[in-house]
Amino acid sequence: MNLRKLAVLTTALAMPLALVQPLAAQEPEYSQQVSDASSGVSAEVAAVFPEIAESDLPFDTDYRVGQLDNGMRYIIRSNATPPEQGLVYFWVDAGSVSEADGEEGYAHFIEHMAFNGSTNVPEGEMVHLLEREGLAFGADTNASTSMDTTLYRLDLPRNDTDLLDTALMLMRETASELLFDDEAVDREKGIILSERRVRDTYQLRNTIDNLEFLYPGSRFSERMPIGAPESAESIEVATGAALRALYERVYRPENTALIVVGDYDPNEVEAMIRARFASWQGEPRLETPDFGPIDPELSGQTDVFLDPALSDSISISRHGEWLGEPDTAASRRARVLRQIGYSIVNRLLQRLARQDDPPFRSARLGTDEVFEVGRTTSLDVLTNEGEWQRGLAAAQEEYRRAVQFGFTEAEVAEQVANLRQAIESNAASAATRGNRDFLTGGLTLLSDGQVPTTPASALERFSQHEPEITPEAVLAALQADLVPLDNPLIRFTGSEPPEGGELALRSSWTDGMALALEAPVESAAAEFAYTDFGTPGTVVSDTVDERLDIRTVRFSNGLMLNLKQTDLDEQRVLVQLNFDGGDLLSTADNPLATALVGSLPTGGLGAHTLDELQTVLAGRQVSFNVGSADETFRMSAVTTPSDLELQLQLMTAALVDPGYRATAEAQYRRNVQSFFDRRFATPSSALSNEIGGVISDGDPRFTLQSEEDYLALNFAKLRDDISDRWQNGAMELALVGDIDEDATVALVARTLGTLPARESTFGAYEDARQRSFTDNREARTVYHDGQPNQAMLMMVWPTRDDSDPVATIQLNMLERVTRLIMLEVIREELGQTYSPSVSVDLSRTYPGFGTFDVSAQVDTAQVDPTRDAMLTALADLRSAPVDEDVLLRARQPLLEAIDNQLDSNGGWMSLVDRAQTEPDRIDRFLAARDQVEAVTVEDVQALAMQYLDPAERLEFVVLPRQGGSENGDEAAPE
C-alpha cells in the first residue's frame with residue numbers, strides 16, 4: 001500500500017505530456033516487426049493464413065508460421081530483446097460472444113478453470129509449478145477473455161528448454177485436458193462472482209448502457225465477458241458439464257493458435273510444439289457467430305445515463321457498413337491518410353480545450369470498426385460541468401469546418417512530421433525491438449489478418465507515399481471513411497440531467513448543423529525559443545563507478561550527471577532529472593505546497609504555450625513532464641540520440657522559464673471537481689482517500705484536504721513555494737541507453753551545465769522527515785457510494801523504514817509468503833475474493849516509518865468470515881514456520897526479477913538515477929540475490945511474530961453508505 005498522501009488525486013491531476021504523439025501506436029504501417037523480406041506473401045504462409053494470401057505486402061519472414069495436421073496454427077519469432085527470456089501465448093478464437101443463451105459468463109469461467117485441474121496437473125498445482133520456476137501469479141501467469149478471443153499467457157524469465165517444455169505442456173493441458181470437476185467448479189463460483197462484483201462500477205454500467213443504446217439487439221452488446229451485473233444466475237447454476245459443453249464447442253485445434261516469442265532456436269521450438277500438440281484431436285471449427293446486427297439506418301435516438309461519479313459528456317454517433325478492406329499496400333496508404341485526417345481534427349479540438357476559457361475539457365472525433373459487422377463514427381465531448389451546450393456547439397463547429405473546408409498545408413505537415421519520426425525511429429531501432437512488439441504482430445495477424453511487415457519496408461513505403469499526402473488527399477480519405485453525423489444517436493452522461501432534457505440535446509445539435517461556417521485561417525509557425533543558454537558548463541570531476549561501470553560526472557555549477565551506455569534498445573535514450581525538494585516542501589501549515597507541480601507543463605514555457613510547443617516540436621521525440629516525488633522534483637523522458645539535445649533544452653527551459661499560465665490552473669480545477677465527484681465511487685477509491693490521514697493521526701501532509709483547498713491553489717502560490725528549489729536546489733541527471741557518453745557530456749554542458757551555481761547536495765529536511773503511525777488502533781469504518789453488495793476489509797500494521805537492506809529483503813519475503821497464503825485461504829478456500837492483496841511499504845524518506853497491509857474486496861455479507869480467515873491465516877503464519885515449498889514459490893519470482901533487472905534500460909535507470917547521491921542502491925542490488933536466498937522459513941515466522949500481531953492491527957472496513965453515514969463516524973465490527 002502506498003501511503004503517500006493523495007495517491008489517487010495525484011494520479012488524476014498529474015498531466016505528463018508526450019509533446020509528440022505519433023500514429024505509431026495505432027497504424028500497422030509502421031508498428032510491425034523487423035527483418036528483410038521479399039514482396040508479397042509466400043504460398044507456405046498463405047496456406048496457413050489464407051486471409052492474407054492476396055496481400056502485396058512483404059511478409060516478415062523472420063516469423064515462422066505453420067499448421068499442424070489437426071488444424072492448430074503456430075507462430076514463432078526468435079528474438080533476443082530482452083536476452084534469455086520468452087513469451088508463450090495460447091490464443092482461442094472465441095470469447096463471450098460464443099456463449100449461448102444461459103451460458104452468459106461461461107467463456108470467462110472456462111478461463112478460470114484452466115488453473116483448476118486438468119488430466120495431468122492436479123487442481124491448484126499449475127500455479128504452484130510455475131511459481132517454483134520463477135513465474136509470479138498474475139504478473140507472469142495470467143489469462144483474459146474478451147468478446148471475441150480468449151488468451152492465456154506465460155512470461156518466461158528464462159529461455160531454457162525445460163521451462164519452455166513445461167509452458168507448452170500447460171498450454172496443451174489448457175487446450176483439451178481441463179477436467180471441470182463439479183466441486184472445483186463450485187469453489188470457483190465465489191471467485192467469479194467476486195470478480196464480477198468488484199468490476200461492477202459506474203464505469204461498467206456506463207459501458208453496458210452505451211452498448212445497449214448504440215447497438216440494440218446485437219449479440220456482442222448482450223455478452224459482456226464478465227457478464228452483466230444482473231446475470232449472476234447463470235454463474236450460480238453452472239456445472240462442470242455445462243462448462244465443458246462450451247469448452248468442447250470452441251476449444252478445437254482449428255480454432256486456436258500458439259505464439260512463442262523469445263530467445264529460442266525456432267527449429268527447436270517448432271519440434272517441441274509438434275511433439276506436444278500433434279496428438280490433439282478435435283472436431284472442425286464451428287462458424288464464427290454473428291456479432292451483430294448493427295443497423296446503419298439507426299438514427300434520431302437519444303439516451304441519458306446518470307451516475308453521481310460521472311462528469312458531463314456527450315457522444316454523437318452514426319453507424320455505417322463494415323468496409324472490410326484487405327491488408328494491402330493500398331489499404332494501408334488509405335488508412336494513413338484518414339488517420340492523419342482524424343488526428344488533425346483532434347488536434348484542433350485539443351487546441352480549443354487549451355484556451356484560457358475552453359468550451360470543453362476534451363473532445364475526439366473517430367471512426368471505429370465494430371468487429372466485422374459495421375463501423376461507428378463518434379464525436380465525443382467531455383464538457384465543463386453544466387456547460388454541455390457550449391461544449392457541444394464548439395466541437396460540432398470544428399467537426400463541420402473540417403469536413404467542409406478540409407485542412408491546411410501546415411496542419412498536414414505537423415502530422416506527417418510525427419508520422420515520419422515514428423517510422424524512422426522504428427526502422428532505426430529494429431534490431432532491438434522487444435518481445436511484446438513481435439507478440440503484437442502475431443496477435444494482429446491472427447485476429448485482424450494484418451500482415452507482419454518490417455520497419456525497413458514500412459519506411460520505404462512511406463517514403464514513396466509521402467509526396468501524395470496532400471490536404472486534398474487527406475480530406476478525401478476522411479470523407480470516405482467518416483459516417484456523416486446526420487440525425488445522429490445522441491447520448492449524454494453526467495451526475496445530473498442536462499438542462500432541457502433530451503429535447504434540448506437534439507435541438508442543440510440540429511441548430512448547430514444549420515449555422516454558417518467560416519473557413520479556417522492558417523497561422524504562422526514559430527521556432528523553438530530555447531536553444532542557447534549561455535556559456536557551457538565545465539566538468540570538475542569525471543569518474544567511473546566500477547561496480548556497474550556507471551560514469552559519474554560533476555559540473556562546476558554543482559550539476560551531477562550519471563551515464564550508462566547500453567545496447568539493449570537501439571535509438572532509445574532514457575532521461576531522468578531529479579532536483580531537490582519534492583514533497584518534503586509540504587508542511588503541516590502548507591500541506592499542498594507541491595500539489596500543482598504536475599500541471600506546470602499544461603502552462604507551457606514562458607515563450608510558448610503548450611499548444612505552440614506541440615506544433616514547434618512536431619516530428620521530434622521529446623517529452624515535457626514534471627512531478628513531485630517524496631524527496632525530489634522529477635522530469636523524465638524517452639528520446640532518441642538525435643533528439644537528446646532538444647530534450648535537454650526542453651528540460652532546461654522548464655527550469656528557468658516555466659509558463660505559469662492561467663490555462664493550466666483552470667484545467668487543474670476542473671480535474672479537482674471531477675475527482676471529488678467520484679472519490680467515494682468504489683470501495684478502493686473511498687479507502688485510498690481516507691487511509692493516509694487515519695494512519696498519520698490527521699497530519700495534513702498525508703490527509704486529503706477539502707475540495708475548496710485544492711480549488712484555491714494557484715501558480716502565484718506555487719511559484720513562491722518552489723522557486724527557491726528550482727533555482728538553487730541540487731540536481732542529478734541520469735541518462736541510460738544508446739548514447740555516446742563524451743558527446744552527451746558536451747550536450748549537458750550546453751544545457752543544464754550553463755545554469756548558475758546550485759547547491760551541491762540534496763537537503764536534509766530533518767524536520768520534514770517526521771512521520772508516525774497512529775497509536776489509536778480502534779477499527780474504522782469507511783463508506784462508499786458504489787453497489788450495495790461491495791465491501792472491503794484491510795488490516796494495516798506499522799513496520800520500519802528500508803535503511804537496513806537485509807531487513808528490507810526479509811520483509812519483502814514476508815510479503816510474498818503472506819500473499820501466497822492469503823491467496824490460498826481467502827481466494828481458493830473461502831472463495832470470496834477475486835484478488836486478495838498483500839503489500840509492504842518501507843519508507844526511504846521517513847525514518848522508522850513503514851507499513852504492512854492485507855486486504856480483500858468481498859461481499860458485504862462476507863466481511864466477518866473474511867476477517868476470521870485472515871486472522872486464522874496470520875495465526876498459523878506466526879505459530880509455526882511455513883512449508884519450504886511456500887518459501888520456494890515466494891522466492892523464485894523475486895530471484896528471477898533480480899537476475900533480469902539489467903536486461904532493460906528501465907532496470908538500469910533504477911540504479912543510475914541517483915548513483916551519486918544514493919550509491920548504496922547499487923550495493924543493495926549486488927547483494928540482493930544472496931540475501932534473498934539466505935531468507936529461511938524461521939526468518940519469515942520471526943518477522944510475522946515481530947510485526948503482524950493481530951492485536952496491533954489497524955483495521956478498516958469499507959461498507960456501502962446508508963442514509964446519512966459519514967466516513968469515520970463509527971467503528972467497524974470486532
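From a predicted model like this one, the values you see are computed outputs, not experimental measurements.

A.B. asks: Could you clarify how one ought to interpret the overall build of the chain in this entry?
C.D. replies: Counting secondary structure elements, the chain contains 31 helices and 25 strands. Scaling as 2.2 N^0.38, a compact globule of 974 residues should have a C-alpha radius of gyration of about 30 Å, and the chain matches this with 29 Å. Judged by the C-alpha coordinates and their principal axes, the chain covers about 70 × 65 × 65 Å. The 974 residues of the chain split such that 58% are buried. The long-range share in the chain, meaning contacts at least 24 apart out of those at least 6 apart in sequence, stands at 83%. In the chain, the 80 positive side-chain charges and the 162 negative ones have mean positions that sit 2 Å from each other.

A.B. asks: What's the story with the UniProt feature "domain: Peptidase M16 C-terminal" (unreviewed entry) in the chain in this structure? I'm lost.
C.D. replies: According to UniProt, the "domain: Peptidase M16 C-terminal" (unreviewed entry) feature falls on residues 240-419 and 714-892. Taken end to end, residues 240-419 comprises 43% helix and 23% strand; its first and last C-alpha atoms sit 51 Å apart.

A.B. asks: Please explain helix α17 (residues 501-513) as it appears in this structure.
C.D. replies: Taking 1.5 Å as the rise per residue, α17 with 13 residues should run 18 Å; its terminal C-alpha atoms sit 19 Å apart, in good agreement. Within α17, burial applies to Ala504, Leu505, Arg506, Trp509 and Gly512. Residues of α17 that are buried make contact with β8 (302-306), β9 (313-320), β11 (374-383), α12 (388-405) and β12 (489-494).

A.B. asks: What am I meant to see in the sheet that holds strand β7 (residues 256-262) here?
C.D. replies: Paired through backbone hydrogen bonds, the strands of a sheet run either parallel or antiparallel to each other. Read from one edge to the other, the open sheet built from six strands follows the order β2-β3-β7-β4-β6-β5, with strand pairing classed as mixed. This sheet does not close on itself; its edge strands, each paired only once, are β2 (63-67) and β5 (141-145). Pairs of neighbouring strands in the sheet enclose a mean axial angle of 15 degrees, with direction left out of account. Pairing between strand β3 (residues 73-78) and β7: six bridges, direction parallel. Following the sheet pairing, Ser78 is matched in β7 by Gly262. Helix α3 (residues 106-113) rests against β5 and β6 (150-156) of the sheet, and its axis sits at about 170 degrees to β5.

A.B. asks: Help me out: how do you make sense of the confidence of the model for the chain in this one?
C.D. replies: Any segment with low pLDDT has predicted coordinates that should not be analysed in fine detail. Summary statistics for the chain give a mean pLDDT of 93 and a share of 94% for residues scoring 70 or more. The model gives residues 1-17 a pLDDT under 50, and that stretch makes 57 contacts with residues more than four places away or in other chains. For residues 20-38, every residue scores under 50 in pLDDT, and the model assigns this stretch 76 contacts once sequence neighbours within four places are set aside.

A.B. asks: Just to check I follow, could you spell out helix α7 (residues 202-214) for this structure?
C.D. replies: Structural remark: α-helix, 3.6 residues per turn; residues separated by three or four positions point the same way. With 13 residues, α7 should reach 18 Å at 1.5 Å per residue; the first-to-last C-alpha distance of 18 Å fits that figure. Those residues of α7 that sit buried are Tyr202, Leu204, Asn206, Ile208, Asp209, Leu211, Phe213 and Leu214. Looking at the buried positions of α7, the neighbouring elements they touch are α6 (182-199), β8, β9, β12 and α20 (662-678).

A.B. asks: Just to check I follow, could you spell out the side chain of Arg914 for this structure?
C.D. replies: Position of Arg914 relative to the elements: it lies in the loop between α29 (905-912) and α30 (920-934). In this view, Arg914 contacts Asn562, Asn578, Thr632, Glu732, Phe762, Pro919 and Arg921; residues no more than four positions away in its chain are not counted.

A.B. asks: What am I meant to see in the pairing of β11 here?
C.D. replies: Here is the key point about a regular strand: its side chains alternate between the two faces of the sheet. The buried count for β11 comes to eight of ten residues, which makes it a mostly enclosed element. Relative to β11, β9 runs antiparallel, the two sharing eight bridges. Across the sheet, the residue bridging to Ser313 is Leu382, located in β11. With ten bridges joining them, strand β10 (residues 360-370) and β11 adopt antiparallel strand pairing. Within β11, the position partnered with Glu369 by the bridge is Arg375.

A.B. asks: Can you help me understand the pattern of salt bridges in this one?
C.D. replies: Oppositely charged side chains may form a pair once their charged atoms are brought near each other. Taken as a whole and assessed by the stated rule, the structure comprises 74 salt bridges. In this structure, Arg390 and Glu387 form a salt bridge, with 3.2 Å as the shortest nitrogen-oxygen distance. The partner of Asp801 in a salt bridge is Arg800, and the shortest N-O contact between them spans 3.2 Å.

A.B. asks: Help me understand the nonpolar core, please; the structure alone is not making it clear to me.
C.D. replies: Grouped burial of nonpolar side chains is what soluble globular proteins tend to show. Within the largest apolar cluster, 57 residues are counted, with the highest numbers of intra-cluster contacts made by Leu733 and Leu735. Among the elements that line this core, the one with the most residues is helix α19 (residues 644-656), at eight residues. Leu735 has contacts with Leu561, Asn562, Leu563, Lys564, Val573, Leu574, Val575, Leu644, Thr744, Val748 and Val912, leaving out every residue within four places of it along the chain. Ile550, Val854, Val858 and Ile922 belong to the second-largest nonpolar core, a separate cluster that totals 56 residues.

A.B. asks: Which parts of the structure should I look at to understand the sheet that holds β8?
C.D. replies: Taken in spatial order, the five strands line up as β8-β12-β9-β11-β10 in an open sheet, and their pairing is mixed. Each edge of the sheet is formed by a strand with only one pairing partner; in this case those strands are β8 and β10. Strand-to-strand twist across the sheet, computed as the mean angle between neighbouring axes with direction ignored, equals 15 degrees. Examined bridge by bridge, β8 and β12 share five bridges and lie parallel to one another. Paired with Thr302 across the strands is Ile490, a residue of β12.

A.B. asks: I'm lost on the environment of Ala807 in this one. Help?
C.D. replies: Tracing the backbone through its elements, the reader meets Ala807 in helix α26 (residues 805-829). Taking the relative accessible area as the measure of exposure, Ala807 reaches 14% and is therefore buried. Residues Ala807 and Leu943, 136 residues apart in the sequence, show an inter-C-alpha distance of 9.2 Å.

A.B. asks: When you look at the pairing of β3 in this model, what are you seeing that I'm missing?
C.D. replies: The buried count for β3 comes to five of six residues, which makes it a mostly enclosed element. Relative to β3, β2 is paired through five bridges, and the arrangement is antiparallel. Along β3, the bridge assignment pairs Val65 with Ile75. Adjacent in sequence and paired antiparallel, β2 and β3 are bridged by five residues, among which Gly71 carries a positive phi angle near 105 degrees.

A.B. asks: Explanation requested: unusual backbone geometry in the structure shown.
C.D. replies: Residues other than glycine predominantly adopt negative phi, and peptide bonds predominantly adopt the trans conformation. For the bond running from Thr81 to Pro82, omega is 0 degrees, close enough to zero to count as cis. Note on placement: Pro82 falls in the loop between β3 and β4 (86-92). In this structure, Phe371 takes a positive phi of about 50 degrees despite not being glycine. Within the secondary structure, Phe371 is located in the loop between β10 and β11. Since its relative accessible area comes to 27%, Phe371 is described here as partly exposed. One non-glycine residue, Asn487, lies in the positive phi region at around 40 degrees. Here Asn487 falls in the partly exposed class, since its relative accessible area comes to 44%.

Reading the values: the criteria
- Residues numbered from 1 in each chain as written.
- Predicted model: local features only at pLDDT ≥ 70, side-chain atom pairs only at ≥ 80, totals over all residues.
- Heavy atoms only, no water.
- Helix = DSSP H or I, 4+ residues; strand = E, 2+ residues; numbered from the N terminus.
- Rg over C-alpha atoms; globule rule 2.2 N^0.38 Å.
- Buried < 20%, exposed > 50% of the residue type's maximum accessible area, 1.4 Å probe, protein only.
- Contact = heavy atoms within 4.5 Å.
- Lys, Arg positive; Asp, Glu negative; His and termini not counted.
- Charge placed at Lys NZ, Arg CZ, Asp CG, Glu CD.
- UniProt positions renumbered as here; feature names shortened; annotations may be inferred.
- Expected span 1.5 Å × (residues − 1).
- Pairing = 2+ DSSP bridges.
- Axes fitted to C-alpha atoms, helices over the stretch in contact; angles between N-to-C directions.
- pLDDT = per-residue confidence, 0-100.
- Salt bridge = Lys/Arg side-chain N within 4 Å of Asp/Glu carboxyl O.
- Core = buried A, V, L, I, M, F, W, Y, C linked by side-chain atoms within 4.5 Å.

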